[in-house]
Amino acid sequence: MGLSSRSAVAIHALTMLGRWNDRSLTSAEIADSLASNPVLVRRILGSLRDAGLVLSTEGRGGGWTLARSPREITLHDAFAAVEEGPVLSRHAHPPSDACEVGRHMQALLESEFRAAEHAMEERLGRTTIEHLVQETLTRERELAR
């Protein structure tokens, strides 16, 4: 399948919720920041809710909030909540067994791709939403100078 933009949208939404952790945000507010459609944002937030990363409140004054502290949510948590299948696409159909390259390519790629995906998961697991909130605030202060 491969990596989609769902991870970027999810991480963006979680960072917004972490930045304004003292109040709930609507999907429209998050969509405005993403320059996106609130329906798409609600779908992503629904996956994040299913994974226990956000909470939703309906009605007047309702919206979305983090279910845990921004320090406790990693980028890997967000990725795992919204992405399915391997990040790196495998062969759509088996290569030819009659070819010396084709015979071995799936096994060779599988080993390399698994190692790369493991490294990505490990790296995303080290970065928290709190870190992105702090980086955002730092960059915003620098921009104001």
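Scroll up to find the structure.
A. Geometry of the pairing of strand E1 (residues 54-57). As paired elements, E1 and strand E2 (residues 63-66) share four bridges and run antiparallel to each other. Counted as the bridge partner of Val54 is Leu66 from E2. Counting the residues in the hairpin turn of E1 and E2 gives five residues, including Gly59, whose phi is positive at 90 degrees.

B. Region of the structure containing helix H2 (residues 27-34). Those residues of H2 that fall on the buried side of the exposure criterion are Ser27, Ile30, Ala31 and Leu34. Considered in projection along H2, the buried side chains sweep an arc of 100 degrees and stay on one side of the axis. If you follow the buried residues of H2, they end up packed against helix H1 (6-19), helix H3 (38-50) and E2. Among the residues trailing H2, Ala35 stands out with phi positive, at a value near 50 degrees.

C. The pattern of salt bridges, seen in detail. Tallying each qualifying case throughout the model produces five salt bridges. Of the charged contacts in the structure, one is a salt bridge between Arg23 and Glu29, with a shortest N-O distance of 3.5 Å. Here Arg23 falls in the partly exposed class, since its relative accessible area comes to 39%. Put simply, Arg68 and Asp77 hold a salt bridge, and the shortest N to O gap is 3.2 Å.

Calculation notes
- Residues numbered from 1 in each chain as written.
- Predicted model: local features only at pLDDT ≥ 70, side-chain atom pairs only at ≥ 80, totals over all residues.
- Heavy atoms only, no water.
- Pairing = 2+ DSSP bridges.
- Helix = DSSP H or I, 4+ residues; strand = E, 2+ residues; numbered from the N terminus.
- Buried < 20%, exposed > 50% of the residue type's maximum accessible area, 1.4 Å probe, protein only.
- Arc of directions from axis to C-beta.
- Contact = heavy atoms within 4.5 Å.
- Salt bridge = Lys/Arg side-chain N within 4 Å of Asp/Glu carboxyl O.

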